[in-house]
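Observations on chain architecture
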Amino acid sequence: MRKTELYDEHVDLGGKMIEFAGYQMPIQYPEGIMKEHNWVRESAGLFDVSHMGQAILEGANAIEFLEEITPSSFSGTPNKKSKYTVFLNENGGIVDDLIVTKLADDKFFLVYNAGCKQKDETFVRKKLAESLTFRPLMDRALIALQGAASEIVLDKVLNLGEKGGFGSQEYMTLQEVQFEGGDLFVSRLGYTGEDGFEISIDGGSAAKLWKAILAHEEVKPIGLGARDSLRLEMGYPLYGHDLDDETNPMEAGLGWVVAKANKIKYENPKRRRVGVELIGKGIIRERVKIFAIDGSEIGVITSGGFSPTLQKTIAQGYVRTEFSALGTKVNVELRGKLLEAKICSYAFVKPRTKQG
Amino acid sequence: MEAEIKENLKYTKDHEWVEVVGDIVTIGITDYAQSSIGDLVYVELPEVGGSFDQGADLVIVESCKAASDVYAPISGEVVEVNNAVVESPGTVNTAPYADGWLVKVKAADVSQIDTLMNAAEYKEHAAE
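Criteria and cut-off values
- Residues numbered from 1 in each chain as written.
- Chains lettered and ligands numbered in written order.
- Predicted model: local features only at pLDDT ≥ 70, side-chain atom pairs only at ≥ 80, totals over all residues.
- Helix = DSSP H or I, 4+ residues; strand = E, 2+ residues; numbered from the N terminus.
- Rg over C-alpha atoms; globule rule 2.2 N^0.38 Å.
- Contact = placed C-beta atoms within 7 Å.
- Buried ≥ 20, exposed ≤ 12 C-beta atoms within 10 Å, placed from the backbone.
- Domains from an automatic or database assignment.
- Nonpolar A, V, L, I, M, F, W, Y, C, P; charged D, E, K, R; others polar.
- Core = buried A, V, L, I, M, F, W, Y, C linked by C-beta atoms within 7 Å.
- Pairing = 2+ DSSP bridges.
- Axes fitted to C-alpha atoms, helices over the stretch in contact; angles between N-to-C directions.
- pLDDT = per-residue confidence, 0-100.
- Parallel < 35°, antiparallel > 145°, perpendicular 65-115°, else oblique.
- Left-handed = near helix turned anticlockwise from the far one by under 90°.

Focus on the overall build of chain B
Tallying secondary structure elements over chain B gives 4 helices and 9 strands in all. The C-alpha radius of gyration computed for chain B amounts to 13 Å, which stays within 12% of the reference 14 Å derived for 128 residues, consistent with globular compactness. Expressed as lengths along the three principal axes of its C-alpha atoms, the size of chain B is roughly 35 × 35 × 20 Å. Of all intrachain contacts in chain B linking residues separated by at least 6 positions in sequence, the fraction that spans at least 24 positions is 64%.

Written out as structure tokens, the structure reads:
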């Protein structure tokens, strides 16, 4: 099993290590998922996401290539602007979801899921034009600082000097910053719904930056458990659970990543991603079946759990389109029993990112 | 931080504890169990009056990450349940041997207690 550059830090901090996507990662630290979750919502949390894939795509026609393998448009995208998008297979199914940042017309920075690294790299290489190179950044770590206090902490840790503070960095943009003689990619984005940053850094310097950020009392380390509950509250999909090769962006509620010209390719989706709210008590999780009131099976939960912010069960899943209207009454099957539930928005908690 | 193990209790290999007073057996999960499960967010208790065989599913406890079964350490009839932990599941984390108890069972056969581990045996089991 692989370790990230920050493995020793996790162990020193008392992280409970589990296997995730072939890496030993902290599921939680001694305070536990609930407190970690709330800390990110109240102050700021630091996540090691170095297991994720990072790569540079470079060369002539990079824009055309990205527009071929994703449904998004990149021609009008300003430099240093990041976009959330998906890789699509021949059938329009989602190979992975990822962040693409334009560094120049012929140079893009890609960040993709740990569990899809091999698949994505094979997918990209298979289609790669001769004018392009695709270079996974194997030696780089990735650290996410998420929460309202992120900006003031980062201002202290990474002194930008004449450039001013991070206050002027817009949501979904990247800036290159120096730290210990190396180049950092600091992107203002994340997967928690809070304001925050993801920092790509040379693996050898990662522990130093990790410690420097954690030295601030506003920041605590956060494990994968809270990372999952944070994104679930926002209704963000998790690949391998809420998205897969058989799911197209329209079904997944990701029509907004699809450029206008490409929308026509999708017929009206037969099923849609929805939020599911339990009327009574209980916790519904992945693979729980969803039934119409007449007893017919209409869908399945793809992720669910307890929301520390709302103090109740939240879930998302897919149902046949005719049952996807908000407020539709359904039943879910939990341990052989049918429980009353209703369709709701999967965005359970409002995002507080820098610009909505 | 080492998990607390109480001297005067009996234990199962699945990390339940029992306290025996006459033929009434109080059941909970151990400090080791609550710590490995993580923050509890949901507890489903059986109905009072229900009968369970030793080893049957008795209680469901759920953390942010997963659901776990609590098995009946001995056979018997449920005489009381701790509804307070349904309202605040976190009590099982903070006081697993006290306010975080789960169920009281009237034992069908008190001699089944002898099949359980004592504190020293459980300590060894939990360290494995």
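Overview of the overall build of chain A
In terms of helices and strands, chain A carries 8 helices and 20 strands. Taken against the 2.2 N^0.38 rule, which gives 21 Å for 356 residues, the C-alpha radius of gyration of chain A at 20 Å falls within 12% of a compact globule. Its C-alpha atoms put chain A at 65 × 50 × 40 Å along the principal axes. Within the span of chain A, comprising 356 residues, buried residues form 46% of the whole.

Notes on the domain arrangement of chain A
All names here are of chain A. Taken domain by domain, chain A comprises domain 1 (1–237) and domain 2 (270–344). Summarising the inter-unit geometry, the C-alpha centres of domain 1 and domain 2 are found 31 Å apart. On the domain 2 side, the residues contacting the 9 residues of domain 1 number 9 residues. Looking at the side of domain 1 that touches domain 2, the elements that each hand over two or more residues are helix 2 (33–42) and helix 7 (224–234). Top element by residues in the side of domain 1 that touches domain 2 is helix 2. It accounts for 4 residues. When its residues are assigned to classes, the side of domain 1 that touches domain 2 shows 3 nonpolar, 4 polar and 2 charged.

A short note on the interface of chain A and chain B
Of the residues lining the interface, 11 residues belong to chain A; the matching set on chain B comes to 8 residues. Broken down by secondary-structure element, the contributors of at least two residues to the side of chain A that touches chain B are helix 2, helix 7 and strand 17 (297–307) of chain A. Residue classes in the side of chain A that touches chain B are distributed as 4 nonpolar, 6 polar and 1 charged.

Side note on unusual backbone geometry
Residue and element names in this part refer to chain A. For Gln311, which is not glycine, the phi torsion reads 55 degrees and is therefore positive. With respect to the helices and strands, the residue Gln311 is situated in the loop between strand 17 and strand 18 (312–320). The exposure class assigned to Gln311 is exposed, which follows from the 8 C-beta atoms found within 10 Å.

Comments concerning the nonpolar core
Grouped together as the largest cluster of nonpolar side chains are 118 residues, with contacts concentrated most on Leu110(A), Ile143(A), Leu145(A), Val276(A), Val332(A) and Val103(B). When sequence neighbours within four positions are dropped, the list of residues in contact with Ile143(A) reads Leu46(A), Asp48(A), Ile199(A), Ile201(A), Ala206(A), Leu209(A) and Trp210(A).

Regarding the sheet that holds strand 4 (residues 40–44) of chain B
Residues and elements named next belong to chain B. Strand order across the open sheet formed by 3 strands is 4-6-7, with antiparallel pairing between neighbours. In this open sheet, the two strands that pair with only one neighbour each are strand 4 and strand 7 (67–71). Recorded for the sheet is a direction-independent mean angle of 25 degrees between the axes of neighbouring strands.

What about the pairing of strand 10 (residues 140–146) of chain A?
All names here are of chain A. Within strand 10, 7 of the 7 residues are buried, leaving the element largely enclosed by the surrounding structure. Of the two faces of strand 10, the one holding Arg140, Leu142, Ala144 and Gln146 and the one holding Ala141, Ile143 and Leu145 are both buried throughout. Bridge count between strand 4 (residues 44–48) and strand 10: 4 bridges; the pairing is antiparallel. Bridge pairing in strand 10 links Asp48 to Ile143. Where strand 10 meets strand 13 (residues 196–202), 7 bridges bridge the pair, whose relative direction is antiparallel. For Arg140, the partnering residue across the bridge sits in strand 13 and is Asp202.

Things to note about the pairing of strand 6 (residues 82–88) of chain A
Residues and elements named next belong to chain A. Extensive coverage of strand 6 is indicated by the burial of 5 of its 7 residues. Bridge count for strand 6 against strand 7 (residues 94–104) is 7 bridges, and the pairing is antiparallel. Across the sheet, the residue bridging to Leu88 is Ile94, located in strand 7. Linking strand 6 to strand 7, which pair antiparallel, is a turn of 5 residues; within it Gly92 sits at a positive phi near 85 degrees.

Here we look at the confidence of the model for chain B
Here chain B averages 95 in pLDDT, and 99% of its residues register 70 or above. Here the complex is predicted with pTM 0.93, and the ipTM for its interfaces comes to 0.83.

Notes on the environment of Leu310(A)
Residues and elements named next belong to chain A. Locating Leu310 in the fold gives a position in the loop between strand 17 and strand 18. When the C-alpha positions of Leu310 and Val111 are compared, they lie 30 Å apart, and in sequence the two are 199 residues distant. Not counting chain neighbours up to four residues away, the residues in contact with Leu310 comprise Phe348 and Val349.

With respect to the sheet that holds strand 5 (residues 51–52) of chain B
All names here are of chain B. If you trace the 6 strands from one edge of the open sheet to the other, you get 1-2-3-9-8-5, paired in antiparallel fashion. Every other strand in the sheet has two partners, leaving strand 1 (10–11) and strand 5 as the edge strands with one partner each. Taken together, the 6 bridges between strand 2 (residues 16–21) and strand 3 (residues 24–29) define a ladder with antiparallel strand orientation. Paired with Val21 across the bridge in strand 3 is Ile24.

Things to note about the packing of helix 2 of chain A against helix 7 of chain A
Residues and elements named next belong to chain A. Contact pair helix 2 / helix 7: the axes reach a minimum separation of 9 Å and the direction vectors enclose 55 degrees. Viewed along their axes, helix 2 and helix 7 adopt a mutual orientation that is oblique. Between helix 2 and helix 7 the crossing geometry is right-handed. The residues of helix 7 that touch helix 2, namely those facing Ile33, Glu36, His37 and Val40, are Gly225, Ala226, Ser229 and Leu230. Grouping the amino acids of the contact of helix 2 with helix 7 by side-chain chemistry returns 4 nonpolar, 3 polar and 1 charged.

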